[in-house]
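Spelled out from the first residue to the last, the chains are:
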Amino acid sequence: MITEKDVDHVAILARLALTGKEKEMFTKQLNDVLEHFQSLKRLNTEKVQPTAYVLPLRNIYREDQVGDHISLEDALANCPDRDENYFRVPKIV
Amino acid sequence: MHLYQLTAHELHELLINKELSAEELNNYIFDRIEAVDDQIRSYITLTKESALERARVVDKQIQAGAKIAPLAGIPVAIKDNICTKGVRTTASSKMLSNFIPPYSATVVEKLEAAGVTIAGKTNLDEFAMGSSTENSAFFTTKNPWDTERVPGGSSGGSAAAVCAGAAVCALGSDTGGSIRQPASFCGVVGLKPTYGLVSRYGLIALASSLDHIGPFTRDVTDCALILEAISGNDPKDSTSASYKTPDFFASLINDVRGLKIGVPEEYMAAGIAPEVRLAIEQAMSLFESLGAVVEYTTLPHTEYAVVTYQIIGSAEASSSLARYDGVRYGFRAPDAEDVMDMFMKTRGQGFGPEVKRRIMLGTYVLSAECYDDYYLKALKARTLIKQDFDRAFEKYDVLLSPTSPTPAFRFGEKAVDPFHMYLSDICTASSNLAGIPGISLPCGFVDRMPVGLQLMGRYFDEGTLLRAAYTFEQNTGYHQEFPEI
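Here's what I pulled together on the structure shown here. (Residues numbered from 1 in each chain as written. Chains lettered and ligands numbered in written order. Predicted model: local features only at pLDDT ≥ 70, side-chain atom pairs only at ≥ 80, totals over all residues. Heavy atoms only, no water.)

## What to know about the pattern of salt bridges
As a working rule, side chains carrying opposite charge can pair if their charged atoms are close by. Summed over all chains, the structure comprises 24 salt bridges over all chains. With its nearest N and O atoms 3.2 Å apart, the salt bridge here joins Arg88 of chain A to Asp81 of chain A. Residue class for Arg88 of chain A comes out partly exposed when judged on its relative accessible area of 41%. Of the residues examined, Asp81 of chain A reaches a relative accessible area of 22% and is grouped as partly exposed. We note a salt bridge from Glu281 of chain B to Arg277 of chain B, for which the minimum N-O separation is 3.3 Å. (Salt bridge = Lys/Arg side-chain N within 4 Å of Asp/Glu carboxyl O. Buried < 20%, exposed > 50% of the residue type's maximum accessible area, 1.4 Å probe, protein only.)

## Re the pairing of strand S7 (residues 260-264) of chain B
All names here are of chain B. The element S7 is extensively covered by neighbouring structure, given that four of its five residues are classed as buried. As paired elements, S7 and strand S8 (residues 293-297) share five bridges and run parallel to each other. What sits directly across from Val263, in S8, is Tyr296. (Helix = DSSP H or I, 4+ residues; strand = E, 2+ residues; numbered from the N terminus. Pairing = 2+ DSSP bridges.)

## Topic: the pairing of strand S5 (residues 189-192) of chain B
Residue and element names in this part refer to chain B. Here S5 shows two buried faces, one formed by Val189 and Leu191 and the other by Gly190 and Lys192. As judged from the two bridges shared by S5 and strand S6 (residues 212-217), these two strands associate in the antiparallel manner. Note on S6: the bridge partner recorded for Gly190 is Phe216. Note: S5 against strand S10 (residues 438-446), three bridges, orientation antiparallel. Looking at S10, one finds that Lys192 is bridged to Gly438.

## Observations concerning the interface of chain B and chain A
At the interface, 63 residues of chain B touch 50 residues of chain A. Residue Glu22 of chain A pairs with Lys356 of chain B through a salt bridge whose shortest N-O separation is 2.5 Å. Here chain B and chain A share 17 residue pairs in polar contact (both at pLDDT 80 or more) between them. Broken down by secondary-structure element, the contributors of at least two residues to the side of chain B that touches chain A are helix H9 (305-320), helix H10 (339-350), helix H11 (353-366), helix H12 (371-395), helix H13 (418-422) and helix H14 (429-434) of chain B. With 11 residues, the single largest contributor to the side of chain B that touches chain A is H12 of chain B. Here the side of chain B that touches chain A is built from residues that sort into 35 nonpolar, 15 polar and 13 charged. (Contact = heavy atoms within 4.5 Å. Polar contact = N/O pair within 3.5 Å; in protein donor to acceptor, adjacent residues only side chain to side chain. Nonpolar A, V, L, I, M, F, W, Y, C, P; charged D, E, K, R; others polar.)

Read these as layout, nothing more, since geometry by itself doesn't imply function.
Quick look at the structure:
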């Protein structure tokens, strides 16, 4: 059973500021969905390997060479707050 | 027959015979958009000027006597979670409502290299999370067959645009059924390729081990043409397979004699509307009468597919969407006290309810206390689901099922209970978990609403899927039905 306190904790992990109404709603909905998830417990997976990706892909390497890249201007064009060639953010420490 | 009802391959004939210029065709499609899109609302952004400019280039090539590519001058719509350089790409989210990508997705570059004109960017459920476009932060797209009903989702805008003649073809993305389900609801052809066949570079990620890009078209021939144009290895996508693209066009053979078709009984079980079951049984009989061997089979772990998909999908989404922090691009909430406050407020205000719900769920199942019970357990269930398919494909060339248990539902009908909405993924989510290809094509109508037939195939065996789909289409004709709009 997930409590509103659990929801608070998860919201901080997920970096989501939630309103009181949202917390209430997500507490209920997460409990509902997790109840459906219990069905997986019936499944015996003792000797089963997990599958994260379906294709037998290994690490893909390339030569360490400078290729085409976007310009500094393009990289900063969508930035909400810019100071010369930096992304500006509110104070961190 | 109207011009907007023609397929790309039919329009190509008109273009090369100089019965129609590419500029005329593009103007015509934009007129059609103007006429119907107030009702359908499939597009978020139109790119008329650049489309006409590219059309004129194609016309010059035709005038000069050059041989043009099969898709040259054909107007194609792009789902708005696929990046287009210099053209706003929103993922239907407030978070990206002003985002202008500095590069194009590989599929967009490939389509442009094939000569298409891009008509615009289509609506979706926010960050592709949904089955109806009701989760778009901007507006809801309507089903052209009945504007009281949803077009499906998440690629509802792309499906509705092709259906209504507001684009000849379109691209969508499919993480749990988001191409095939709207194709089924709108009565068009939609294909999710094998994982790795089509590059996802430039697709705004939802769940990277499940995301695919694929075409929406009015018939199977166009589907093969678009697939041919967008598939192939891409060094920019490390999950892209080193697989030589076969000639999909050569698979368009009207012959299924000897083809072995399995029908998973779990997909025909509880929850399926009786009329949908009837349409699928008729499709089975047709394939049989055309010389295919059709039998019921079993995919025993199907009952776990939706839950497994929900756990893995939300876990990966919570990770993929961690990048939206208000620093480098996208929305940033004003008046933050410090950087943590900025992250929290930006994400709290920038994401809609469904996105927050899935991020919360995904973060929860990945948290230290729950990882083994939910996430790892789901990865193991995924192995069992994949093995079901491996076994089935030892015996069958193709698996046949409905695409969705019901035709398009009404607005608001499923929004009340999120889990109920998730159940509309029941026939499609397994193939995302396994990475196998699937196609949806129209196979009948219930009260003038289209029903979709899904065919699933072996890894990288899109050829057989296209052959079976083409044969079905050539022997039925449902693809020639159009909504009265």
